[in-house]
Amino acid sequence: MALCPKCNNILNFWNVKAECPYCGVNIPNYDWEGRLDADAANAEVAWKKFRKFTGNFKSALFGSKLRIVRFICTFLPLIALVLPLANYSMTLPFISSSATNMTLLDFSMNTLLSLNWGSLIGLVSSESLGSPVLLIMLAILLLYLAVVFGVLNFVFVLAKASSLKAGANMVLCIGSTACFALAGVFFTIAVSMVSSSSVQFITGTIQYGLFVGIALFTLNIVLNTIVNKGFKKQRAEQA
């Protein structure tokens, strides 16, 4: 049901005539000039919002050389997927690996699915192997979490461009940097614990790929911090 634009009486579905049954006004033609002006005003407001949206989006991504560099550097940490993060060899009843450089991409495609995760998780309760195995599993989990944060960073670069905000990007890049750093620390501690025990099931060292990942995410933190200050100033000018 609708209302008559003049007398505000309820119009039922059987009121099919152009005239209101109560006041007799021609509904389609009632105040057509005023409605036309209102439609024009609404269209102008909508167009201004659209122009602001597209203008801010373009400015946030490509408005200056620094912002272009920031956009490009959003993708750079993905290089860490194909760089060697660690060199390791492992010998367990259900896992045997000679010395090899581990990249996260190769580990995901060739090792992750082939592991006996039930037996590996069971080792966590082992008195002699539990702590280093747990640390290694946490290190692997942190590496994947860093990648997730990195992907979300790109998503938020686009999602927050029109609103000129980069706070979420700063948080995500800090999270990725911390995850990469902690993964390296946990792996190093685990290998050190194993080397001093009687069951030396793993040996290994951190490789340069981990430090490249940390450096690239740190660069993103710096870029987002600087760009976010510019965003704040730009939002204040638009207010």
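As the structure is a computational prediction, the values presented were derived from the model and not from experiment. (Residues numbered from 1 in each chain as written. Predicted model: local features only at pLDDT ≥ 70, side-chain atom pairs only at ≥ 80, totals over all residues. Heavy atoms only, no water.)

### A few points about empty space enclosed by the protein
Our working rule: Put simply, the grid is 1 Å and covers the protein atoms alone, a cavity is a trapped set of points that fit a 1.4 Å probe, a pocket is an open set with protein on both sides within 12 Å along at least five of seven lines, and lining residues have an atom within 4 Å of a point. Grid points are joined across faces, edges and corners, and a volume is the space filled by probe spheres set on the points. Think of it this way: any DSSP run of H or I at least four residues long counts as a helix, any run of E at least two long counts as a strand, and we number them from the N terminus. Any residue that is not Ala, Val, Leu, Ile, Met, Phe, Trp, Tyr, Cys, Pro, Asp, Glu, Lys or Arg is counted as polar, Gly included; the first ten are nonpolar and the last four charged.
For the structure shown, the criterion picks out one cavity of 30 Å³ or more. The space that makes up the largest cavity amounts to roughly 70 Å³. Every residue along the wall of the largest cavity is listed here: Pro 77, Leu 78, Ala 80, Leu 81, Leu 85, Leu 104, Ala 146, Val 147, Gly 150, Val 151, Phe 180 and Phe 217. The element contributing the most residues to the lining of the largest cavity is helix α5 (residues 130–159), with four residues. Broken down by class, the residue content of the lining of the largest cavity amounts to 11 nonpolar, one polar and no charged.

### Remarks on the packing of helix α1 (residues 32–62) against helix α7 (residues 208–238)
Stated precisely, the cut-off is as follows: Angles here are taken between N-to-C directions and fall from 0 to 180 degrees, while the axes themselves are lines fitted to C-alpha atoms, restricted in helices to the stretch in contact. Note that the term roughly parallel is reserved for angles under 35 degrees, roughly antiparallel for angles over 145, roughly perpendicular for angles of 65 to 115, and oblique for everything else. Take the far helix as the reference: if the near one is turned anticlockwise from it by less than a right angle, the crossing is left-handed, and if turned clockwise, right-handed. The contact definition used throughout considers only heavy atoms, calling two residues in contact when any of these lie within 4.5 Å.
Across the interface, α1 lies against α7 with an axial gap of 12 Å and an inter-helix angle of 160°. Judged by the angle between their axes, α1 and α7 are roughly antiparallel. For the pair α1 and α7, the crossing hand works out as right-handed. Contact residues: α1 offers Lys 52, Asn 56, Ser 59 and Ala 60, while α7 offers Phe 231, Gln 234 and Gln 238.

### Focus on the pattern of salt bridges
Threshold: One speaks of a salt bridge when a side-chain nitrogen belonging to Lys or Arg is within 4 Å of a carboxyl oxygen belonging to Asp or Glu.
Scanning the model with the defined rule gives one salt bridge in all. A salt bridge links Glu 44 to Lys 48; the shortest N-O distance between them is 3.7 Å. Taken as a pair, Glu 44 and Lys 48 lie in helix α1 at a separation of four residues, close to a single helical turn.

### A few points about the packing of α5 against helix α6 (residues 167–195)
Two elements in contact, α5 and α6, have axes separated by 8 Å at closest approach and are oriented at 165°. One way to sum up the angle between α5 and α6 is to call them roughly antiparallel. The chirality of how α5 crosses α6 is left-handed. Here the residues of the contact of α5 with α6 are counted per class, giving 26 nonpolar, six polar and no charged.

### Side note on the packing of aromatic side chains
The condition that has to hold: Whether two aromatic rings pair depends on their centres lying within 6.5 Å, for rings of Phe, Tyr and Trp, where Trp uses its six-membered ring; planes under 30 degrees apart make the pair stacked, over 60 edge-to-face, and the rest tilted. Accessibility here uses a 1.4 Å probe with only protein chains present; expressed as a share of the type maximum, an area under 20% marks a residue as buried, one over 50% as exposed, and anything in between as partly exposed.
On inspection of all chains with the given rule, the structure shows six aromatic pairs. With a centroid separation of 5.4 Å and 75° between ring planes, the pair formed by Phe 62 and Phe 71 is classed as edge-to-face. Judged by relative accessible area, Phe 62 falls into the partly exposed class, the value being 43%. With a relative accessible area of 18%, Phe 71 lands in the buried category.

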